[in-house]
Amino acid sequence: MAQKIQDPPTDMERCMESLITIFQRYAGKEGDNSKMSFKEFESFMNVELKSFTKSQKNPQETLKKMMASLDGGIDGKKDGQIDFQEFLSLIGGMMIACHEAMSKSRPACR
Ligand SMILES: [Ca+2]
């Protein structure tokens, strides 16, 4: 049977795959690769979002607050770990802020 030639992944599909791969890379540093401990979250923030983390007055304190607000944010299940759904709500929030900043920096259309 002839095999259907697969289309190459789209930019969006590549982007989604990258998010999953990056999450698993950090979440898998210790134990379960489906959840991030504070140590794993801190490592993720210090490497992958370093310009944000470095710009904070007290990076560790900020990360602790972020972790506390993410953990249990959706289903109310506070377990001291960040699962993929909680991770996506962080990325979503940061992307909304980036999108707003990018929209403002563009010259206004006339
Ligand atoms: Ca883990």
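Before reading further, recall that the structure is shown in the block above.
Predicted model only: the values in this text are computed from it and were never measured.

Caption draft 1: How the structure looks around the overall build of the protein. On a plain count of helices and strands, the protein comes out with five helices and two strands. For the protein, the N- to C-terminal ordering of α and β elements is α-β-α-α-α-β-α. Taking 13 Å as the expected radius of gyration for a compact globule of 110 residues, we find that the protein reaches 17 Å, considerably beyond that expectation. Here the C-alpha coordinates of the protein stretch approximately 55 × 50 × 25 Å along the principal axes. Counting across all 110 residues of the protein, residues that qualify as buried make up 23%. Of the contacts formed within the protein by residues at least 6 apart in sequence, a portion of 39% connects residues at least 24 apart. In the form shown here, the protein has an accessible surface area of approximately 8300 Å², with 57% of it arising from carbon and sulfur atoms. Positive and negative side-chain charges of the protein, numbering 16 and 16 respectively, have mean locations separated by a distance of 8 Å.

Caption draft 2: Main features of the packing of helix α1 (residues 11–27) against helix α5 (residues 84–105). Contact pair α1 / α5: the axes reach a minimum separation of 11 Å and the direction vectors enclose 120 degrees. Taken together, α1 and α5 sit at an angle that is classed as oblique. α1 and α5 meet at a crossing whose hand is right-handed. Between α1 and α5, the residues in contact are Leu19, Ile20 and Phe23 and Phe84, Phe87, Leu88 and Ile91, respectively. Of the residues in the contact of α1 with α5, the class split is seven nonpolar, no polar and no charged.

Caption draft 3: Representation of the environment of Gln60 in the model. With respect to the helices and strands, Gln60 occurs in helix α4 (residues 59–70). Residues Gln60 and Phe84, spaced 24 residues apart in sequence, show a C-alpha to C-alpha distance of 21 Å. The contact partners of Gln60, leaving out residues within four places of it in the chain, are Phe38 and Glu42. At 3.1 Å, the side chain of Gln60 and the side chain of Glu42 are in polar contact.

Caption draft 4: A look at the pattern of salt bridges. Evaluation of the coordinates by the stated rule reveals three salt bridges. In this structure, the salt-bridge partner of Arg25 is Glu48, at a minimum N-O distance of 3.8 Å. Taken together, the residues span a long stretch of sequence, with Arg25 in helix α1 and Glu48 in helix α2 (residues 38–48) at a distance of 23 residues. Take Arg25: its relative accessible area is 48%, and that puts it in the partly exposed class.

Rules used throughout
- Residues numbered from 1 in each chain as written.
- Predicted model: local features only at pLDDT ≥ 70, side-chain atom pairs only at ≥ 80, totals over all residues.
- Heavy atoms only, no water.
- Helix = DSSP H or I, 4+ residues; strand = E, 2+ residues; numbered from the N terminus.
- Rg over C-alpha atoms; globule rule 2.2 N^0.38 Å.
- Buried < 20%, exposed > 50% of the residue type's maximum accessible area, 1.4 Å probe, protein only.
- Contact = heavy atoms within 4.5 Å.
- Areas by Shrake-Rupley, 256 points an atom, 1.4 Å probe, with all protein chains shown as cover.
- Lys, Arg positive; Asp, Glu negative; His and termini not counted.
- Charge placed at Lys NZ, Arg CZ, Asp CG, Glu CD.
- Axes fitted to C-alpha atoms, helices over the stretch in contact; angles between N-to-C directions.
- Parallel < 35°, antiparallel > 145°, perpendicular 65-115°, else oblique.
- Left-handed = near helix turned anticlockwise from the far one by under 90°.
- Nonpolar A, V, L, I, M, F, W, Y, C, P; charged D, E, K, R; others polar.
- Polar contact = N/O pair within 3.5 Å; in protein donor to acceptor, adjacent residues only side chain to side chain.
- Salt bridge = Lys/Arg side-chain N within 4 Å of Asp/Glu carboxyl O.

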